Amino acid sequence: MKTLRETNFPGVERGKVRDLYAGRDNTIVMVTTDRISAFDVVLNQQVPYKGQGLNASSAYSFQNTIDIVPNAFIAMPHQNVIVMERCEPYPVEVVIRGTLSGSSWRTYQKGQREFFDTVLPDGLRQNQDLIEVLGKPLHTPTSKAKTGHDVNLSPGEAEDMVGGRDVWYAMRDAGTKLFLRANKLTAANGYREADTKYEFGLGQKGMTLFDEANTHDSSRFFRADTYREKFESGVDLDWVDKEFVRKYLMSIGFKGDGPIPDLPPEIVQGASERVLESAYAIIGKNFVPVEPDMEQIREVVYEWTGA
Ligand SMILES: Nc1ncnc2c1ncn2[C@@H]1O[C@H](COP(=O)(O)OP(=O)(O)OP(=O)(O)O)[C@@H](O)[C@H]1O
Ligand SMILES: [Mg+2]
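So, here's what we can say about the structure. (Residues numbered from 1 in each chain as written. Chains lettered and ligands numbered in written order. Predicted model: local features only at pLDDT ≥ 70, side-chain atom pairs only at ≥ 80, totals over all residues.)

Attention now goes to the overall build of the chain. Of regular secondary structure, the chain possesses 9 helices and 16 strands. Expected size for 307 residues packed as a compact globule is a radius of gyration near 19 Å; at 19 Å, the chain falls within 12% of this value. Projecting the C-alpha coordinates of the chain onto the three principal axes gives extents of approximately 60 × 45 × 40 Å. Counting every position in the chain, which comprises 307 residues, the buried fraction comes to 42%. Residue pairs at least 24 apart in sequence account for 68% of intrachain contacts in the chain once pairs closer than 6 positions are excluded. (Helix = DSSP H or I, 4+ residues; strand = E, 2+ residues; numbered from the N terminus. Rg over C-alpha atoms; globule rule 2.2 N^0.38 Å. Buried ≥ 20, exposed ≤ 12 C-beta atoms within 10 Å, placed from the backbone. Contact = placed C-beta atoms within 7 Å.)

One non-glycine residue with positive phi stands out, namely aspartate 40, at about 70 degrees. Relative to the elements of secondary structure, aspartate 40 occurs in the loop between strand E4 (35-38) and strand E5 (41-46).

Core analysis: the biggest nonpolar cluster contains 62 residues, and Val29, Val81 and Met84 have the highest contact counts within it. Ignoring sequence-local partners within four residues, the contact set of methionine 84 consists of Thr27, Ile28, Met30, Ala72, Phe73, Ile74 and Phe210. (Core = buried A, V, L, I, M, F, W, Y, C linked by C-beta atoms within 7 Å.)

This next bit is on the site of ligand 1. Near ligand 1 there are 16 residues, and of these Gly15, Lys16, Arg18, Met84 and Phe210 occur at the shortest range. Looking at the shell around ligand 1, the elements with two or more residues in it are strand E2 (18-22), strand E7 (81-85) and strand E13 (191-203). A breakdown of the residues in the shell around ligand 1 according to their chemical character gives 8 nonpolar, 2 polar and 6 charged. (Near = placed C-beta within 6 Å. Nonpolar A, V, L, I, M, F, W, Y, C, P; charged D, E, K, R; others polar.)

The strand order across the open sheet built from 5 strands is E1-E2-E3-E7-E6, with neighbouring strands paired in antiparallel fashion. Each end of this open sheet is capped by a strand with a single partner; those strands are strand E1 (13-14) and strand E6 (73-78). Across 5 bridges, the pairing between strand E3 (residues 27-32) and E7 is antiparallel. Within the sheet, the bridge partner assigned to valine 29 lies in E7 and is valine 83. (Pairing = 2+ DSSP bridges.)

Moving on, we get to the packing of helix H1 (residues 50-63) against helix H8 (residues 265-283). Relative orientation of the contacting elements H1 and H8 amounts to 10 degrees, with a least axis distance of 9 Å. As judged from the angle between their axes, H1 and H8 are roughly parallel. Residue-level contacts link Lys50, Gly53, Ala56, Ser57, Tyr60 and Ser61 of H1 to Ser272, Val275, Leu276, Ser278, Ala279, Ile282 and Ile283 of H8. Here the residues of the contact of H1 with H8 are counted per class, giving 7 nonpolar, 5 polar and 1 charged. (Axes fitted to C-alpha atoms, helices over the stretch in contact; angles between N-to-C directions. Parallel < 35°, antiparallel > 145°, perpendicular 65-115°, else oblique.)

To continue, consider helix H9 (residues 294-305). The first and last C-alpha atoms of H9 sit 16 Å apart over 12 residues, in line with the 16 Å expected at 1.5 Å per residue. Listed as buried for H9 are Ile297, Val301 and Trp304. Each buried residue of H9 lies within a common arc of 70 degrees when the element is viewed along its axis, so the set occupies one face. Once H9 finishes, glycine 306 follows within two positions and takes phi at roughly 80 degrees, a positive value. (Expected span 1.5 Å × (residues − 1). Arc of directions from axis to C-beta.)

Every other side chain in a regular strand lies on the same face of the sheet, so the side chains alternate between the two faces. Of all 5 residues making up E7, 5 are buried, and the element is well covered by its neighbours. The alternating pattern of E7 places Val81, Val83 and Glu85 and Ile82 and Met84 on opposite faces, both of which are buried. Sheet topology note: the E6/E7 ladder contains 3 bridges and is antiparallel. Note on E7: the bridge partner recorded for alanine 75 is valine 83. The hairpin turn running from E6 into E7, its antiparallel successor, is 2 residues long.

Okay, helix H5 (residues 165-187) next. The terminal C-alpha atoms of H5 lie 32 Å apart, and with 23 residues this matches the ideal 33 Å at 1.5 Å per residue to within 8%. Considered for burial, the residues of H5 that qualify are Trp168, Met171, Arg172, Ala174, Gly175, Leu178, Phe179, Ala182, Asn183, Leu185 and Thr186.

Turning our eyes to something else, we now look at the environment of lysine 197. In this fold, lysine 197 is placed in strand E13. Along the sequence, lysine 197 and glutamate 212 sit 15 residues apart, while their C-alpha atoms lie 8.9 Å from each other. With sequence-adjacent residues up to four places away left out, lysine 197 is seen in contact with Glu93, Val94, Val95 and Ser218.

This brings us to the pairing of E5. The pairing of E4 with E5 spans 3 bridges and is antiparallel. Paired with arginine 35 across the bridge in E5 is glutamine 46. The loop that links E4 with its antiparallel partner E5 comprises 2 residues; one of these, phenylalanine 39, has a positive phi angle of about 50 degrees.

The subject of this paragraph is the environment of methionine 76. Its place among the elements puts methionine 76 in strand E6. A C-alpha to C-alpha distance of 9.5 Å links methionine 76 and methionine 30, two positions 46 residues apart in sequence. Ignoring any residue separated from it by four or fewer positions in sequence, one finds methionine 76 in contact with Asn55, Ala59, Val81 and Ile82.

As a further point, take the packing of helix H4 (residues 155-162) against H5. For any two helices packed against each other, the geometry comes down to the angle between their axes and how far apart the axes lie. H5 packs onto H4 with a crossing angle of 100 degrees between their chain directions and a minimal axis gap of 7 Å. Relative to H5, the element H4 lies roughly perpendicular. Along the contact surface, H4 presents Ala158, Glu159 and Val162, while H5 presents Arg165, Val167, Trp168 and Met171.

Laid out in structure tokens, this is it:
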């Protein structure tokens, strides 16, 4: 199976996962590659169909949430390529949680009860349904760090960083609605979105959702049918997330420092299956991947950048 490691057309700027090109008329042409990052480093192997899975999930999410908030999506001229309006990013990532899982559970377990603007009650358990407990999802926004790890914010910090309380509230409310919509979409397909991250920027229509939405990189999904039973018996959920790759890396002692280890083929394969399953969770259909052909990608990038 061919994978897309990188593109090298003139003017490329590289994120961890995407190659970015300045498009015509204030647009960004994003090539979503098959690169995978963990612990903030890009790994040596590429995951088949990851770029296309991410793009399919994002495009579907953008197209199915226009009634909630404007987004930057313009076109997907190739399954690896998305064209977006260029936005001026707010430096805050809107992290939203529907279950007490991952880092929020670890923090809770250590005794912390205050999460951003919410104090959680005692007695909650791992993977507890927070929407049931609070009547709404939990927000734990972070600063969008250019380098290093994202940092949790206090309400005052979040408001200051985006330029005022009203802006933060608009972002928080849009994020909440997007997350509830994502959970409605996934529920219809037998999944739930446990947590996610949305990014907003200032665009022509005001506050605009950009980057990606409800993808395998930004969100974690689990199978809904086994949730109740697994939660009640204290067994971990049937996750569809990147923890699979992280667990492997931790099992060989890698946590982001030192030489980057290779991923064995079965881990790459497992990661690819999870990307496809995540896309299914949100879209409700198996998307049909295409071979990432460099010539075709070059053509659409040139077409949309005007090169
Ligand atoms: N419509 C847009 N307007 C402006 N910037 C955008 C837009 N869409 C995506 N971006 C930016 O492009 C980059 C996408 O690249 P990628 O996903 O590889 O980055 P990353 O590794 O997640 O983050 P970073 O680039 O910060 O390391 C992100 O920095 C994202 O904020
Ligand atoms: Mg990104």
